[in-house]
Amino acid sequence: MEAAIPLGVTLPRGSTGICSFSVLLKSSTKPSLSCFGRVPGKLTHFPSRAVSEDHADATPQWQLDFLGASAVTPDTPEDEDEEDLLPAEATDWCVRARRSALRSIEERGLAPSLQRMVSPPKKKKKKKTAKKKEFKKAAAELKRRNKQVHDAEADDDDDDDYDVVDNLQNMDDLELRVAQFADGMFDEKRQRNREAFVQTLSRFSAAPSNRSKDVSLNRSIVQAQTANEVLDLTAEVITAVAKGLSPSPLTPLNIATALHRIARNMEAVSMMQTHRLAFARQRDMSMLVGLAMVALPECSPQGVSNIAWALSKIGGDLLYLPEMDRIADVAMAKVQDFNAQNVANVAGAFASMRQSAPGLFPALALRAAQLLQTFKEQELAQFLWGCASLNECPHPLLDALDTAFQNDTSFQCHVSDLKSSAHQSSAEELSGGEGGSTSSARTLNFSRDQVGNIAWSYAVIGQMDRPFFSHMWKTLSQFEEQRISDQYREDMMFASQVYLANQSLKLEYRNLGLCLRSDLEEKITKAGKSKRFNQKTTSSFQKEVGRLLYSTGHEWVREYAIDGYTVDAVLVDEKLAFEIDGPTHFSRNLGTPLGHTAFKRRYIAASGWKLVSLSLQEWEDLQGEFEQLEYLRRILDIEAE
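The structure displayed is predicted, hence computed values, not measured ones. (Residues numbered from 1 in each chain as written. Predicted model: local features only at pLDDT ≥ 70, side-chain atom pairs only at ≥ 80, totals over all residues. Heavy atoms only, no water.)

Considerations on the pattern of salt bridges
Scanning the entire structure with this criterion turns up twelve salt bridges. Between K506 and E521 there is a salt bridge; the shortest N-O distance is 2.3 Å. In this pair, K506 sits in helix 23 (residues 489–508) while E521 sits in helix 24 (residues 518–528), placing the two residues 15 residues apart along the sequence. You can call K506 partly exposed: its relative accessible area is 25%. Among the salt bridges present, the one from R601 reaches D581, with a minimum N-O distance of 3.0 Å. One end of the pair, R601, is in helix 26 (residues 595–606); the other, D581, is in strand 8 (residues 576–581), and 20 residues separate them in sequence. (Salt bridge = Lys/Arg side-chain N within 4 Å of Asp/Glu carboxyl O. Helix = DSSP H or I, 4+ residues; strand = E, 2+ residues; numbered from the N terminus. Buried < 20%, exposed > 50% of the residue type's maximum accessible area, 1.4 Å probe, protein only.)

Dropping the structure here:
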């Protein structure tokens, strides 16, 4: 009887298995090292008797893998080299050791962990295939039902297939399963309910209204203190209408009022832009904006103006691009009914959102010229600023202002002060000391910020030789005794606008003789050039282009100052200025340069520099650094050194 004599047991630290046994067998001429029944460098096959046949069927597969029993395959050729196989006795002993280890692991409750280690990761291809089959099955079912519904129509559009695909893409797995029940009865009911709901909410003018409910809802909206309160009120009404409330109190007036109050409440608490964007992406808010777009043709001119202003405050220049296009179309149809406030608010909303509207602004300028006598100072400054921001010149309004100022007694301008006595004294000085004879004349009491906006607007659109601008510009002498400090942002903004306008007068309109006095110019220049509120940030786009600029072999100077502007890069000897313009320099819908960008380019060119600009869109169309570098050399008209 042969017996195996164990010579030693070792536990190597670098072993890939649990243990390693060194066994000396009489039946074998050389020792065998095994770990889980494997010899390094060779594939070990276990005999079928390593696991009892009685328990093979009841033992889980992962335990068979652990014990090594799955290594036996029926396809093992019989003529395999016998020396590659372990002796039967050693194999049985190794399996018994693993079985003992498995029992110990199970007693300690670690079997699930071992199962996860031994079992291969599950593949999800079969599930994906099953979902695809369900998707195709549901698609076929919906197509079949659509054909049954539209059999009566002789001319069937191919767009139905696209509608089916769009509907399926918007469904989740549960909806796809429900759509197949009862021959699609639940899906058809859901579609009918949705269509009926949209029709109920969109029939504002046709349905009879309950005046008391409309007024009550409007009062509640106006009295709400926060944007969330306004949104909750409208969401409750939308839910009530969906459940059968009729007539709907969601009139166009109430919808416009709700959006306006939401924006006003945001402004009242100076809500951060990120919070406004998160608020705008809520489901109820999206529903409210959608209803506003449906009700827009039925809104009054004031309602259209309120909606445009509200969207500009809520979404800024990041959201509501298609909604503003729709507002532009509706505003053009209603522009003859606009008052001065509507004209100014709509222009300001489009300007703050960087949304070009080439067809709308000429119509607004013509309407503004017709309403010139009713414009307030703030409305006039806001409209001119909006036109200049989008690089739209309101020729009809400028002509009307010049015509009104042919006679100095027709219109009178003076800069308002904090004290009412200053208002009166300024008015008397500008009226020529005629006392009460000026009661019939229109007096424009411009504030300092309004003067800055108007001066900047005329400089941007290049209309500084107009009589109205000349008269308004002369009122800046009223600031002789006022302090302009670089410690306040308002002073900085005003000073920078006036500084640029004064520099433009020096460069482009020297013959007018309208430049500021030296002492006042020194004050404004000092405040305008302060770096306290003029911290410039460099984008990744500018950094990438700047890095390649040095590869051209020329001595580029970064962040070079030209009067009131900072140019991204210049070649001083060649008088070549290079501007790297990101998305904020262009309108977001048409990509046309905005007013401040066009003015800066004109200003730098008037200063004697050759200006070359590069936009982000041009840069993104280039593939690879080699192509980008070649493009830079081409547009800059320079050769490598």
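So much for the structure itself; the text now carries on.
Things to note about the packing of aromatic side chains
Summed over the entire model, instances satisfying the criterion amount to nine aromatic pairs. Ring geometry for F541 and W619: centres 6.3 Å apart, planes at 55 degrees, overall tilted. With F541 in helix 25 (residues 540–549) and W619 in helix 27 (residues 616–620), this pair connects stretches of sequence that are 78 residues apart. Of the two residues examined, F541 and W619, each falls in the buried class. Aromatic pair W556 and F578: ring centres 6.3 Å apart, planes at 55 degrees, arrangement tilted. Placement of the pair is W556 in the loop between helix 25 and strand 6 (557–562) and F578 in strand 8, with a sequence separation of 22 residues. (Phe/Tyr/Trp six-rings, centres within 6.5 Å; stacked < 30°, edge-to-face > 60°.)

A closer look at helix 21 (residues 448–460)
Taking 1.5 Å of rise per residue, the 13 residues of helix 21 would be expected to cover 18 Å, and the 18 Å separating its terminal C-alpha atoms lies within 8% of that figure. Helix 21 sits mainly inside the fold: eleven of its 13 residues count as buried. Those residues of helix 21 that sit buried are R448, Q450, V451, G452, I454, A455, W456, S457, Y458, A459 and V460. Phi turns positive, to about 70 degrees, at G462, one or two residues after helix 21. (Expected span 1.5 Å × (residues − 1).)

A few points about the sheet that holds strand 8
Read from one edge to the other, the open sheet built from four strands follows the order 6-7-8-9, with strand pairing classed as mixed. Pairing within the sheet leaves two strands with one partner each, and these edge strands are strand 6 and strand 9 (610–615). Each strand of the sheet is rotated relative to its neighbour by a mean of 45 degrees, with strand direction disregarded. Of the pairings in the sheet, the one linking strand 7 (residues 565–571) to strand 8 comprises three bridges and is antiparallel in character. The partner of A569 across the bridge, within strand 8, is F578. With respect to the sheet, helix 25 is in contact with strand 6, strand 7, strand 8 and strand 9, its orientation differing from that of strand 8 by roughly 145 degrees. Where helix 28 (residues 624–636) meets the sheet, it contacts strand 8 and strand 9, and its direction lies at approximately 150 degrees from that of strand 9. (Pairing = 2+ DSSP bridges. Axes fitted to C-alpha atoms, helices over the stretch in contact; angles between N-to-C directions. Contact = heavy atoms within 4.5 Å.)

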